[in-house]
Amino acid sequence: QVQLVESGGGLVQSGGSLRLSCAASGSIFSIYAMGWYRQAPGKQRELVAAISSAGSTNYADSVKGRFTISRDNAKNTVYLQMNSLKPEDTAVYYCTKYGGSYYYTSNVDSWGQGTQVTVSS
């Protein structure tokens, strides 16, 4: 069983930046795809970004050009760099692990507890 622990959330003004981190337990982190989802109040959870074991990435249209997902396999850590933040980015952000090397949406098998990101106008 994997444990995912997010950090780096907080309050930021519109146009600012934050970097989220997700520390994953386990010794075979490098073979799995990882991702970030978010859920705003009253809205459905949505994919923000994902990264395969080979380093391929996928982003929601709403964050393309502003957010960057990356991974450091030596540290068992996934990052989400968020720039040019907007109030509509306000949500709880969840780190996710997939059950294989690629980020098939139906194959998410682990979730972190989430970290709050609030962007003020």
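It should be noted that the structure appears before, not after, this text.
Throughout what follows, the structure given in this document is the object of discussion. None of the values given here were measured: they were computed from a predicted structure.

### Observations concerning the side chain of D89
Line of reasoning, step 1. If you trace the backbone, D89 turns up in the loop between β8 (77-82) and β9 (91-98).
Line of reasoning, step 2. Once you skip the residues sitting within four places of it in the chain, D89 turns out to touch R38, R66, F67, S84, V117 and V119.

### Digging into the pattern of salt bridges
Line of reasoning, step 1. Under the counting rule described, the total for this entry stands at 5 salt bridges.
Line of reasoning, step 2. D89 is the partner of R38 in a salt bridge, and the nearest nitrogen-oxygen pair spans 2.9 Å. Separated by 51 residues along the polypeptide, R38 in strand β4 (residues 34-39) and D89 in the loop between β8 and β9 bring together distant segments of the chain. D89 matches R38 in its accessibility class, with the two residues each being buried.
Line of reasoning, step 3. A salt bridge links D61 to K64, with the nearest nitrogen and oxygen atoms 3.2 Å apart.
Line of reasoning, step 4. Each of R38, E46, R66 and D89 takes part in salt bridges that share partners, so that together they form one network.

### Topic: the nonpolar core
As a rule of thumb, nonpolar side chains are buried together in soluble globular proteins.
Line of reasoning, step 1. One finds W36, V48, F67, I69, L80, M82 and Y93 to be the most contacted residues of the largest nonpolar core, which totals 27 residues.
Line of reasoning, step 2. Of all the secondary structure elements, the ones that give two or more residues to this core are β3 (18-24), β4, β5 (46-51), β7 (67-72), β8, β9 and β11 (115-120).
Line of reasoning, step 3. Of the residues forming this core, the biggest block, 4 residues, is contributed by β3.
Line of reasoning, step 4. Those residues in contact with M82 that lie beyond four places of it in its chain are G16, S17, L18, L20, R66, F67, Y93 and V117.
Line of reasoning, step 5. In terms of nonpolar packing, the next biggest core, distinct from the first, is built from 6 residues, Y37, A50, Y98 and Y103 among them.

### Digging into the pairing of β5
Along any regular strand, the residues point their side chains to alternate faces of the sheet.
Line of reasoning, step 1. As judged from the 5 bridges shared by β4 and β5, these two strands associate in the antiparallel manner. By the bridge assignment for β5, W36 is matched with A49.
Line of reasoning, step 2. Turn length for the β4-β5 hairpin, with the two strands adjacent in sequence and antiparallel, is 6 residues, and the turn residue G42 shows positive phi of about 75°.
Line of reasoning, step 3. In this structure, β5 lies alongside strand β6 (residues 57-59), joined through 3 bridges in antiparallel fashion. Within β6, the position partnered with A50 by the bridge is N58.
Line of reasoning, step 4. Linking β5 to β6, which pair antiparallel, is a turn of 5 residues; within it G55 sits at a positive phi near 100°.

### Thoughts on the sheet that holds β3
Line of reasoning, step 1. Spatial ordering of the open sheet is given by β1-β3-β8-β7, a layout of 4 strands whose pairing is antiparallel. Taken across any chain shown, the strands that pair with only one partner, and hence form the sheet edges, are β1 (4-7) and β7. This sheet shows a mean twist of 15° between the axes of neighbouring strands, independent of strand direction.
Line of reasoning, step 2. Bridge count for β3 against β8 is 6 bridges, and the pairing is antiparallel. Within the sheet, the bridge partner assigned to L18 lies in β8 and is M82.

Parameters and conventions
- Residues numbered from 1 in each chain as written.
- Predicted model: local features only at pLDDT ≥ 70, side-chain atom pairs only at ≥ 80, totals over all residues.
- Heavy atoms only, no water.
- Helix = DSSP H or I, 4+ residues; strand = E, 2+ residues; numbered from the N terminus.
- Contact = heavy atoms within 4.5 Å.
- Salt bridge = Lys/Arg side-chain N within 4 Å of Asp/Glu carboxyl O.
- Buried < 20%, exposed > 50% of the residue type's maximum accessible area, 1.4 Å probe, protein only.
- Core = buried A, V, L, I, M, F, W, Y, C linked by side-chain atoms within 4.5 Å.
- Pairing = 2+ DSSP bridges.
- Axes fitted to C-alpha atoms, helices over the stretch in contact; angles between N-to-C directions.

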